[in-house]
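Geometric and topological summary
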Amino acid sequence: MRFRGSKNSFLDPNDVVEMAAYAPLFSNINDQRWKPDAIFFNSWQAYGIPSYWMQTFFTDSSGATLLSANFEPPYQSPLVASAINYLNPVDNNYYMKIKVVNFQDKPCNLNISIEGVAPNAIKGAKEIVLTGSRMDQNSFANPKKVAPQSKPFIGNGNNLNVMLQPY
């Protein structure tokens, strides 16, 4: 897989995200009117469902540059990928975010090659995955059974190798 940057292509969410809205967002656990709510609460606690955590992966996409992502050789794959370049307003630095989803029921080894970036420019990379199994749900007893988990990502310059877990 290769990623290339271009300052002339901007992220069009309609090309990447088919549905990214919940209505309503919050639901009192004692007054559930619609099951796909994103955040459940009662008078003293709250938790987000797995889809809520998935939505958080797209928070940096506003105003980002969509980078070209290609699988080489081109083939039908159970993988979906996108990459963006965005400006972080907190530290005023540019960052690249690569998102890959493995839709198959077994792990997949992926080699990622990043072009157009100096090899020493890739620093502080981290891998963020959702914990839990395919059918797991969050609850008040276990509010982060399915939640993002971050760990440092070790790469070799512009060539990265990652083992993608299923789903």
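It should be emphasised that the depicted structure is a prediction, and the values quoted were computed from it without experimental measurement. Every chain is numbered on its own, with residues counted from 1 as its sequence reads. Given that this is a predicted model, residues contribute local features only at a pLDDT of at least 70 and side-chain atom pairs are listed and counted only at 80 or more, while totals for whole chains, interfaces and linings are drawn from all residues. The basis for the side-chain values is all heavy atoms of the structure; hydrogens and waters are excluded.

A few points about the pattern of salt bridges
The salt bridge criterion pairs a side-chain nitrogen of Lys or Arg with a carboxyl oxygen of Asp or Glu, the two atoms within 4 Å. As enumerated under the stated definition, the model contains two salt bridges in all. Between E127 and K151 there is a salt bridge, with its nearest N and O atoms 3.9 Å apart. Of this pair, E127 sits in strand β9 (residues 126-130) while K151 is found in strand β10 (residues 148-152), placing the two residues 24 residues apart along the sequence. Overall, K151 belongs to the partly exposed group, its relative accessible area being 48%. Between K145 and D136 there is a salt bridge whose closest N-O contact spans 3.7 Å. A 1.4 Å probe rolled over the protein chains alone gives each residue an accessible area, and that area as a share of the maximum for its type sets the label: buried under 20%, exposed over 50%, partly exposed in between. Exposure remark for K145: the relative accessible area of 36% places this residue in the partly exposed category. For D136, a relative accessible area of 19% translates into the label buried. Counting from the N terminus, the helices are the DSSP runs of H or I reaching at least four residues and the strands are the DSSP runs of E reaching at least two.

Considering unusual backbone geometry
If you check the backbone angles, N92 has positive phi at about 60° while not being a glycine. Inspection of the secondary structure puts N92 in the loop between β6 (79-88) and β7 (93-102).

Let's talk about the packing of aromatic side chains
Aromatic pairing here means that ring centres of Phe, Tyr or Trp (its six-membered ring) are within 6.5 Å. Orientation follows from the plane angle: under 30 degrees is stacked, over 60 is edge-to-face, and everything else is tilted. Summed over the entire model, instances satisfying the criterion amount to four aromatic pairs. A ring pair is formed by Y52 and W53, whose centres lie 5.1 Å apart and whose planes are at 70°; its orientation type is edge-to-face. The partly exposed category is assigned to Y52, whose relative accessible area is 25%. Feature note: the residues F40, Y47 and F140 constitute an aromatic cluster, connected by ring pairs.

Notes on the sheet that holds strand β3 (residues 39-41)
Pairing is mixed in the open sheet, where three strands are placed in the order β2-β3-β4. Strands with a single pairing partner mark the edges of an open sheet, and in this sheet they are β2 (26-28) and β4 (46-48). For this sheet the average axis-to-axis angle between neighbouring strands, irrespective of direction, equals 20°. Bridge analysis of β2 against β3 gives three bridges, and the strand direction is parallel. By the bridge assignment for β3, F26 is matched with I39. Here, strands pair whenever DSSP counts at least two bridges between them. Here an axis means a line fitted to C-alpha atoms, over the contact stretch when the element is a helix, while the angle between two N-to-C directions is reported on a 0 to 180 degree scale.

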